[in-house]
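Here's the letter readout for the chains.
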Amino acid sequence: MQTLRIVFMGTPDFAVPCLQTLLDSPHSVVGVFTQPDKPQGRKMVLTPPPVKVLAAENGVPVFQPEKMKDPATLEQLKILAPDLIVVVAYGRILPRAVLELPRYGCINVHASLLPKYRGAAPIQWAILDGETETGVTIMQMDAGLDTGDMLVKKEIAIGAEETAEELYERLSELCVETLSETLEQLEAGTLQGTPQDDAQSSYASRITKEMSALDFTRPAAELHNLIRGITGFTMLEGKRLKVYGSRVVEGVSGEAGTIAEPEDFVVACGDGNGLRFTEIQPEGKRRMAAADFLRGKKLKKGEKLGNAE
């Protein structure tokens, strides 16, 4: 078996299982590139990325360049002399000089069934769009954004009530399986790429806070997918209400945005259906089941929820 010199590039916890797989493999992880430490929490404590923590625990050299186009970064990569660069949710664009450096190039582990959902937020957008399946695609990286030839692809179903957080965990595990198969094919000399059909492509743009505002004139199913995908916000009695869980209720009467069934926290939507909140976080309070909230709060039928601010 050929032992490869591998440089790993990744940042969040999503990438950790893939790095652990490489560390456990016969191959040699000669360096890890990750984004710089960032302040987190209310006290803004400078915190290392999860990938850095795992690499440091295993004695792997860690590099955190501000810019990949910095000549010093390319020189460092030349010193590491990787046969292959594996990229998982790194969050940086690799210049052509880096892409062309390793003998086997750079491969990217992407959490969608390419060419659909290229870009930064494929998991969230698959749920926002009401997709019933997604998966992982490993591709040979080129100069475009997630446009390279597809190497190995694996599919999984998306549950009707599954949230992005839950799907995130399952896809992270599927990434490991897909990466392992890719390396096996590479070692065997059977790895082949399939060009993407650009006509079938879509782009998963970054998620913004404004997108979470619940507009109840929209269909209930769309708002349910929004809550599953990125969490929703509305206003109740002038205070911000975060919505983590919901269910679609068919045949609900009432003006869009008004409380139709106070005892179950059902809100009327624009398509004649409703949305029952199942998990919420009132402003200044902890995240809780809506049923627990309703035990201490009596809602009024016809009460209107405001737009998130």
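It should be noted that the structure appears before, not after, this text.
Analysis parameters
Residues numbered from 1 in each chain as written. Predicted model: local features only at pLDDT ≥ 70, side-chain atom pairs only at ≥ 80, totals over all residues. Heavy atoms only, no water. Salt bridge = Lys/Arg side-chain N within 4 Å of Asp/Glu carboxyl O. Helix = DSSP H or I, 4+ residues; strand = E, 2+ residues; numbered from the N terminus. Buried < 20%, exposed > 50% of the residue type's maximum accessible area, 1.4 Å probe, protein only. Pairing = 2+ DSSP bridges. Contact = heavy atoms within 4.5 Å. Axes fitted to C-alpha atoms, helices over the stretch in contact; angles between N-to-C directions. Parallel < 35°, antiparallel > 145°, perpendicular 65-115°, else oblique. Left-handed = near helix turned anticlockwise from the far one by under 90°. Nonpolar A, V, L, I, M, F, W, Y, C, P; charged D, E, K, R; others polar. Phe/Tyr/Trp six-rings, centres within 6.5 Å; stacked < 30°, edge-to-face > 60°. Lys NZ or Arg CZ within 6 Å of the ring centre and 35° of its normal.

**Some remarks on the pattern of salt bridges**
- According to the stated counting rule, one finds 15 salt bridges in the structure shown.
- A salt bridge links lysine 52 to aspartate 37; the shortest N-O distance between them is 3.2 Å. Remark: aspartate 37 occurs in the loop between strand E2 (28-33) and strand E3 (38-40) and lysine 52 occurs in helix H2 (residues 50-57); sequence separation between them is 15 residues.
- Taking the relative accessible area as the measure of exposure, aspartate 37 reaches 24% and is therefore partly exposed.
- A single network of salt bridges, built from pairs that share partners, joins Lys154, Glu177 and Glu181.

**Some remarks on the sheet that holds strand E7 (residues 106-110)**
- Across the sheet, seven strands lie side by side as E5-E2-E1-E6-E7-E9-E10; this open sheet has mixed pairing. At either end of the open sheet lies a strand with only one pairing partner, and these are strand E5 (62-63) and strand E10 (150-157).
- Examined bridge by bridge, strand E6 (residues 84-88) and E7 share three bridges and lie parallel to one another. Among the inter-strand pairings, isoleucine 85 is bridged to a residue of E7, identified as cysteine 106.
- Packed onto the sheet, helix H3 (residues 71-80) meets strand E1 (5-10), E2, E5 and E6 and runs at close to 170° relative to E2.
- Relative to the sheet, helix H6 (residues 164-188) contacts E6, E7, strand E9 (133-140) and E10, its axis offset from that of E10 by approximately 145°.

**Here we look at the packing of helix H1 (residues 16-24) against H2**
- It is at 9 Å that the axes of H1 and H2 come closest, and there the two elements cross at 20°. For the element pair H1 / H2, the angle class is roughly parallel. Note that H1 runs across H2; the crossing there is right-handed. For the pair H1 and H2, contact is made by Val16, Leu19, Gln20 and Leu23 and by Pro50, Val51, Leu54 and Ala55, respectively.
- Each residue belonging to the contact of H1 with H2 can be placed in one class, and the counts come to seven nonpolar, one polar and no charged.

**Remarks on the packing of aromatic side chains**
- Per the counting criterion, the structure on display carries five aromatic pairs.
- Here the aromatic rings of phenylalanine 216 and phenylalanine 277 are separated by 6.5 Å at their centres, their planes lie at 40°, and the arrangement is tilted. Here phenylalanine 216, found in the loop between strand E11 (203-204) and helix H7 (220-230), pairs with phenylalanine 277, found in strand E16 (residues 274-282); they are 61 residues apart in sequence, far enough to count as distant. Residue phenylalanine 216 shares its accessibility class with phenylalanine 277, and that shared class is buried.
- Arranged with centres 4.9 Å apart and planes meeting at 50°, the rings of phenylalanine 265 and phenylalanine 277 form a pair that is tilted. Of this pair, phenylalanine 265 sits in the loop between strand E14 (259-261) and strand E15 (266-268) while phenylalanine 277 sits in strand E16, and the two are twelve residues apart along the sequence.
- Judged by its relative accessible area of 1%, phenylalanine 277 is buried.
- Taken together through their ring pairs, the aromatic side chains of Phe216, Phe265, Phe277 and Phe293 make up a single cluster.
- Between arginine 287 and the ring centre of tyrosine 244, over which it is positioned, the NZ or CZ distance is 3.6 Å.

**A word on the side chain of serine 172**
- Within the fold, serine 172 resides in helix H6.
- Here serine 172 falls in the buried class, since its relative accessible area comes to 5%.
- Each residue touching serine 172, except ones within four places of it in the same chain, is listed here: Asp13, Phe14 and Pro17.

**Brief notes about the packing of H1 against H6**
- Where H1 contacts H6, the axes come no closer than 8 Å and their chain directions differ by 35°. Considering only the axes of H1 and H6, their crossing is right-handed. Note on element contacts: H6 touches H1 through Ser172, Cys175, Val176, Leu179, Ser180 and Leu183, opposite Pro17, Cys18, Thr21 and Leu22.

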